[in-house]
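What the coordinates show
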Amino acid sequence: MADSRTSADGGMETSYGFREVGQGEKQGLVNEVFHKVAKRYDIMNDVMSAGMHRVWKDAMVASLNPRRDPSFKVLDVAGGTGDIAFRIVEASGRQAQATVLDINGSMLDVGAERAAKRKLSENLTFVEANAEELPFENGTFDAYTIAFGIRNVPRIDVALSEAFRVLKRGGRILVLEFSEVEMPLLDRFYDEWSFRAIPQFGKMITGDAEPYQYLVESIRKFPNQEDFAKMIRTAGFSRVTYTNFTGGIAALHSGWKL
C-alpha cells in the first residue's frame, strides 16, 4: 500500500508523503514546503498536534535536563524557528550554548528574529546546513536534539550517523517525532483528524493545503517506534529507549554515545 510505513531498512529517502520520487528529489520538495509555512510554523504545529506539541517539547527538554554550565553545547537540528533551542537555553538558566541548524533559510530567519526579541541571541548560533552533512568537528556537542524534523530528512540513517559523529563521548541524542498510534480508537480518530481536518485548516491558515497534506502523509510513512529505535542503534548509539506521548501520536527517542 502507498501509505504503509517504511521500515528500519529505509525508504524515506524516496518518499514524499505517499508519492514516490526519484533519488535526490525529496530535499527540494521538502524545502519548498517549509519556505511556505515558515512564518506560520507554530500555528502549523498547533494544528498538527491540537496544541499538544508544546507539552511534548517541554517533556523533551525536561528529559534532557541541560546543565547550568556555559560549556554545555547542544545542537538542535531542523529547529530553524528556535522552539527547542529557546527552551533548552532557558532550562539551563541561560547558560547553555545552542547551535540551531536548519537546511531552510526562511525558518532560520524566523528563529533569529525570535531569539533577538527574547534577548537570547548571545546563547544561540544559527547555521544553514544539511543534517546529512554537519559542518562540525567530531565530538563537538554534549547533546543533539531534533523535534518533528527527522522524517523530513531523506537519508535518515546518514543523519543519525552524523549525529553520532559530532557528539562527545557520553553525549545524548533526543528525537521527538510523530509516530504510530497504539490505541485503536485513538488511531481512528487521529486518522480522521489528520486526513480530513488538517489540510483544510492549513488551507484556511495559509491558503494552501498541499504542505499540510505532505506533512500528514509523511507521518504515516515514518518508521514505527521499534523500527526507528533499531535505526538509532545501528548508528552506534547505546541504551536506546523511547517514550510514547498521547497514545503514540508522538514518541521521544533517546540514545547515548558511550
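Before any of the text, the structure's been laid out above.
A short tour of the structure in this document, coming up. Note that the coordinates shown come from a computational prediction; the quantities given were computed from them, not determined experimentally.

Attention now goes to the overall build of the protein. Scanning the protein for helices and strands turns up 9 helices and 9 strands. Along the first, second and third principal axes, the C-alpha set of the protein runs to 45 × 40 × 35 Å. A burial count over the protein gives 54% of its 258 residues as buried. Taking the intrachain contacts of the protein between residues at least 6 apart in sequence as the baseline, contacts between residues at least 24 apart amount to 75%. Computing the positive centroid from 32 side-chain charges and the negative centroid from 35, the protein places the two 5 Å apart.

This next bit is on the sheet that holds strand β5 (residues 124–128). Strand order in the open sheet formed by 7 strands is β5-β4-β3-β6-β7-β9-β8, with mixed pairing between adjacent strands. Sheet topology places β5 and β8 (238–245) at the edges, where each strand pairs with a single neighbour. Across this sheet, the average inter-strand angle for adjacent strands is 15°, counted without regard to direction. Here strand β7 (residues 167–178) pairs with strand β9 (residues 250–256) via 7 bridges, running antiparallel. Looking across to β9, one finds that E177 is bridged to A251. Along the sheet, helix α6 (residues 156–166) makes contact with β3 (73–77), β6 (141–147) and β7, crossing β7 at roughly 145°.

This structure, assessed with the given rule, holds 6 aromatic pairs. The interplanar angle of 35° and the centroid separation of 4.6 Å between the aromatic rings of F148 and F178 together place this pair among those described as tilted. In this pair, F148 sits in the loop between β6 and α6 while F178 sits in strand β7, placing the two residues 30 residues apart along the sequence. Residue F148 shares its accessibility class with F178, and that shared class is buried. On the numbers, 5.1 Å between centres and 85° between planes, the contact of F164 with F237 is edge-to-face. In this pair, F164 is assigned in helix α6 and F237 in the loop between α9 (225–234) and β8, connecting sequence segments 73 residues apart. In this structure F237 comes out as buried when scored by relative accessible area, which is 4%. Through pairs of rings, three or more aromatic residues link up here, namely W56, F148 and F178. Cation over ring: R239 sits above W256, and NZ or CZ is 5.2 Å from the ring centre. Over the ring of F164 we find K257; its NZ or CZ atom is 4.8 Å from the centre of that ring.

If a strand is regular, its side chains alternate between the two faces of the sheet. Burial analysis of β6 places 7 of its 7 residues in the buried class, the great majority of the element. Of the crossover connections in this fold, the one passing from β6 over α6 to the parallel β7 is right-handed.

Next up on the list: unusual backbone geometry. Among all residues except glycine, the phi angle is most often negative; among peptide bonds, the trans geometry is most common. Its identity is not glycine, yet K119 carries a phi of approximately 60°, on the positive side. Turning to its location among the elements, K119 is positioned in the loop between α5 (105–117) and β5. One non-glycine residue, R239, lies in positive phi territory at about 50°. Assignment of secondary structure puts R239 in strand β8.

Turning our eyes to something else, we now look at the pattern of salt bridges. Counted under the stated rule, the structure contains 13 salt bridges. K57 is the salt-bridge partner of D83, the closest N and O atoms lying 2.5 Å from each other. Taken as a pair, D83 in helix α4 (residues 83–91) and K57 in helix α3 (residues 53–64) lie far apart in primary sequence, 26 residues in all. With respect to burial, D83 and K57 carry one shared label: buried. Residues participating in the shared-partner salt-bridge network are K57, D58, D83, R87 and R114.

It is worth spelling out the environment of R151 at this point. Turning to its location among the elements, R151 is positioned in the loop between β6 and α6. As a C-alpha pair, R151 and F178 span 27 residues in sequence and 8.7 Å in three-dimensional space. Among the polar contacts made by the side chain of R151, one reaches the side chain of S218 at a distance of 2.7 Å.

Quick notes on the rules
- Residues numbered from 1 in each chain as written.
- Predicted model: local features only at pLDDT ≥ 70, side-chain atom pairs only at ≥ 80, totals over all residues.
- Heavy atoms only, no water.
- Helix = DSSP H or I, 4+ residues; strand = E, 2+ residues; numbered from the N terminus.
- Buried < 20%, exposed > 50% of the residue type's maximum accessible area, 1.4 Å probe, protein only.
- Contact = heavy atoms within 4.5 Å.
- Lys, Arg positive; Asp, Glu negative; His and termini not counted.
- Charge placed at Lys NZ, Arg CZ, Asp CG, Glu CD.
- Pairing = 2+ DSSP bridges.
- Axes fitted to C-alpha atoms, helices over the stretch in contact; angles between N-to-C directions.
- Phe/Tyr/Trp six-rings, centres within 6.5 Å; stacked < 30°, edge-to-face > 60°.
- Lys NZ or Arg CZ within 6 Å of the ring centre and 35° of its normal.
- Right-handed = clockwise from strand over helix to strand, strands pointing away.
- Salt bridge = Lys/Arg side-chain N within 4 Å of Asp/Glu carboxyl O.
- Polar contact = N/O pair within 3.5 Å; in protein donor to acceptor, adjacent residues only side chain to side chain.

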